[in-house]
Amino acid sequence: QQLLDRSAAEAAKLESFVIAIDGKGQVQLDPSAGGAAAGLLNGPLALTGEGPVQPPDKASIDAKLELAAFAPQVNLTRVGDEVFVGVLGQDFKLALPAQQVSLFDFGALYPTLTGWLTNPVEAGREDLDGTPTVKVSGDVDAAQAIADLAPLLQTDGSVVVNTKELEAAIETGTVEAWIGTEDLRPRRVRVVLKADGLTGLPVRSIDLDLTADLSAFDEPADIQAPRDARPLDLNQLGALTGG
């Protein structure tokens, strides 16, 4: 736990870094769940992307999204309280509530995911791109994970969970963190979460495998909001690819 706490503290000191994300999974929603975001997320999904991050509120990620409704090549940019998506040469400013804007806080991704980790143990030593690291692994804190994911499907960000029911629904739940042995900076975090039979939530089942690599610490980065971005409501996202 001390390694995790110190690596999170080192991450908080970073002025910039590059993040590479590789995630895949599947979500099954309750039939009563509504909203445009819910419609896009229901079913298989995948994300691969890379780009610079300037905490606390700047990032520009070139990514490929594979959602239930469409699979575009996009650029995701956050500057302050504004989030932009670039698709097919056109930039759009997303109309999002504050709690959903917070989901684009890539600077907080490492401490958020390691915040799901309980019962940490040292799981070995590995070299990542020539950097010696110590690997720490543990179980997923189900209640914390669901609380952090709630804004994806709920506009108010509130969620009421039964911890025992959540724990019973989890079939697989692990978090792994790779921490530099010389500087205690985070180099990689991976979350594997599979749960079925969730109750009292918009999500009935979730199958997630997400890895994030961090590199290029404190290197110069110039992240600007796109010019002439058009406003875009989530209900219009499907129209970007003819959906």
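Up top you'll find the structure we're talking about.
The structure presented is a predicted model; accordingly, all values stated were derived computationally and were not measured.

Visitor: How should I be thinking about the overall build of the protein chain in this particular structure?
Guide: Assigned secondary structure in the protein chain consists of six helices and twelve strands. Of all 243 residues assigned to the protein chain, the portion counted as buried reaches 44%. Pairs at least 24 apart in sequence give 61% of the contacts found in the protein chain among residues at least 6 apart. For the protein chain, the exposed surface amounts to about 12200 Å²; the carbon and sulfur share of it is 48%.

Visitor: What's the story with the nonpolar core in this structure? I'm lost.
Guide: A general trend in soluble globular proteins is that nonpolar side chains are found buried together. Counting 54 residues, the largest nonpolar core has Ile-19, Val-85 and Ile-206 as the members making the most contacts within it. Element by element, the count of residues in this core is highest for strand S11 (residues 203-215), at six residues. In this structure, Val-85 is in contact with Val-74, Asn-75, Leu-76, Gln-90, Asp-91, Phe-92, Leu-94 and Leu-232, ignoring residues within four places of it in sequence.

Visitor: What's the story with the packing of aromatic side chains in this structure? I'm lost.
Guide: Between two aromatic rings, the relevant description is the distance of the centres plus the angle of the planes. Scanning the model with the defined rule gives zero aromatic pairs in all. Its end group placed over the ring of Trp-178, Arg-188 keeps NZ or CZ at 5.5 Å from the ring centre.

Visitor: Explain helix H1 (residues 2-13) to me, please; I cannot follow it from the model alone.
Guide: Structural remark: α-helix, 3.6 residues per turn; residues separated by three or four positions point the same way. End to end, H1 covers 17 Å across twelve residues, agreeing with the expected 16 Å (1.5 Å per residue, within 8%). Buried positions along H1 lie against helix H4 (109-114), strand S7 (117-128), strand S8 (131-140), strand S9 (170-180) and strand S10 (186-196).

Visitor: Sorry if this is basic, but what is going on with the side chain of Ser-16 here?
Guide: Of note, Ser-16 is situated in the loop between H1 and strand S1 (17-29). Look at Ser-16 and you get buried, because its relative accessible area is 4%. Of the polar contacts made by the side chain of Ser-16, one reaches the backbone oxygen of Glu-219; its length is 2.6 Å. Those residues within four positions of Ser-16 in sequence are excluded, and the remaining contacts are Val-53, Gln-54, Pro-55, Ala-216, Phe-217, Asp-218 and Glu-219.

Reading guide: rules and limits
- Residues numbered from 1 in each chain as written.
- Predicted model: local features only at pLDDT ≥ 70, side-chain atom pairs only at ≥ 80, totals over all residues.
- Heavy atoms only, no water.
- Helix = DSSP H or I, 4+ residues; strand = E, 2+ residues; numbered from the N terminus.
- Buried < 20%, exposed > 50% of the residue type's maximum accessible area, 1.4 Å probe, protein only.
- Contact = heavy atoms within 4.5 Å.
- Areas by Shrake-Rupley, 256 points an atom, 1.4 Å probe, with all protein chains shown as cover.
- Core = buried A, V, L, I, M, F, W, Y, C linked by side-chain atoms within 4.5 Å.
- Phe/Tyr/Trp six-rings, centres within 6.5 Å; stacked < 30°, edge-to-face > 60°.
- Lys NZ or Arg CZ within 6 Å of the ring centre and 35° of its normal.
- Expected span 1.5 Å × (residues − 1).
- Polar contact = N/O pair within 3.5 Å; in protein donor to acceptor, adjacent residues only side chain to side chain.

By themselves, these are just geometric observations and shouldn't be taken as functional.
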